[in-house]
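Architecture at a glance
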Amino acid sequence: MSPQLTCETCGSFFVYWSFEDETFVCDKCNHRFYYEELAKEYKYFLDLVDFRLLEIPDYIYDRSYIKKLDVSAEPYDSHHAPFVNRITAISPKIGQMTGLEELDLTYNAIKEVPPEIGQCRQLRDLVLRKNYITTIPAELGKLKKLEMLCLNNNFIKELPPQIGGLTGLVYLIVDFNRITHLPKETGKLRKLEVMSADQNELHELPAEICTLKKLRQLRLRNNRLTYLPEDIGLLTNLEKLDLENNELKTLPRSITNLAKLEELRISGNTGLVSPPYKVAQLGMDAIREWFGQLPELA
Ligand SMILES: [Zn+2]
């Protein structure tokens, strides 16, 4: 309903936008009409959160001018519950949506991401969290304009090496998956500021990650890391480092070079010996002091 709009025939305020027909429709007299000025925001920016969708309608795939498509669901919102979206697949026709800048499919039942997503070259935000996705197609790496990739709460085991092609990426969010290792190509994401990979199955990090000079946040809690790359201290812009509940045995000396670090979370790494867990828990100052008492190693 659009309160500023009245039916030009009967004067009723109960006017809605028909996404399918791209017209305003009067709910009282069924008159159809079109005002370009007001139509714009509905035509290019589709907010179809909980429209009881089981699939993305074909008429949407056919409209390459659409800039934003939000077909997410909010199943725990009692007002939304009766209308909740439950989309099970993305059609390969997604590749036709070449004008798409934002796509949000949160909380649906998507199992696969078609390779054609790589044709949506204008994509800036891609949000696929809370689905049943197991693999990410290599073609995703073609999205040079992508800034936000949100894949948390899926069943992903690995990210393809082509992810290194996402050279515009600022946010990489992959928490709550089953990722066992990050490809070394992650080191090519030179604009990355936030990497969040809490609750996965990471045993180690690629050394290349240490080249991400813009990284401000690195979140890795609830993984199985036993050590960190030796050059972690090169992440000179790092402000938050969350390592809670891993299996760390040692911290590299270079960690003391993280001058901008405001928050270091380390609890749960009870097997830490170098520095000892008790020392590490006291924070960066204590860690620096402990390393300072050690002889420099060549
Ligand atoms: Zn009317």
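Cut-off values and rules
- Sequence order as written defines the numbering, with residues in each chain counted from 1.
- Thresholds applied to this predicted model are a pLDDT of at least 70 for local features of residues and 80 or more for the giving and counting of side-chain atom pairs; totals over whole chains, interfaces and linings are not thresholded and use all residues.
- Whether two strands pair depends on DSSP finding at least two bridges between them.
- Working definition: helices are DSSP H or I runs of at least four residues, strands are E runs of at least two. Numbering for both runs from the N terminus.
- Orientation is described by lines fitted to C-alpha atoms, with helices fitted over the stretch in contact, and by angles between N-to-C directions that extend from 0 to 180 degrees.
- By definition, residues are in contact whenever their C-beta atoms, placed on the basis of the backbone, come within 7 Å of each other.

Attention shifts here to the sheet that holds strand β4 (residues 45-47). Strands in a sheet are paired, the pairing made by backbone hydrogen bonds, and the direction either parallel or antiparallel. Read across the sheet, 10 strands follow the order β4-β5-β6-β7-β8-β9-β10-β11-β12-β13 without closing on themselves; strand pairing throughout is parallel. Edge positions in the open sheet fall to β4 and β13 (263-265), since each of these has one partner strand only. On average, adjacent strands in this sheet sit at an angle of 5° to one another, irrespective of strand direction. Judged from the 3 bridges that link them, strand β9 (residues 171-173) and strand β10 (residues 194-196) form a sheet pairing that is parallel. Bridging from a neighbouring strand, I173 pairs with S196 of β10.

Attention now moves to the pairing of strand β1 (residues 15-18). Across 4 bridges, the pairing between β1 and strand β2 (residues 23-26) is antiparallel. Considered in β2, the bridge of Y16 is made with V25. What sits between β1 and β2 in their antiparallel hairpin is a turn of 4 residues, with E22 showing a positive phi close to 50°.

Relative to the helices and strands, D125 resides in strand β7 (residues 125-127). Placed 113 residues apart in sequence, D125 and S12 show a C-alpha to C-alpha distance of 38 Å. The contacts of D125, once residues within four sequence positions are left out, are E102, E147 and M148.

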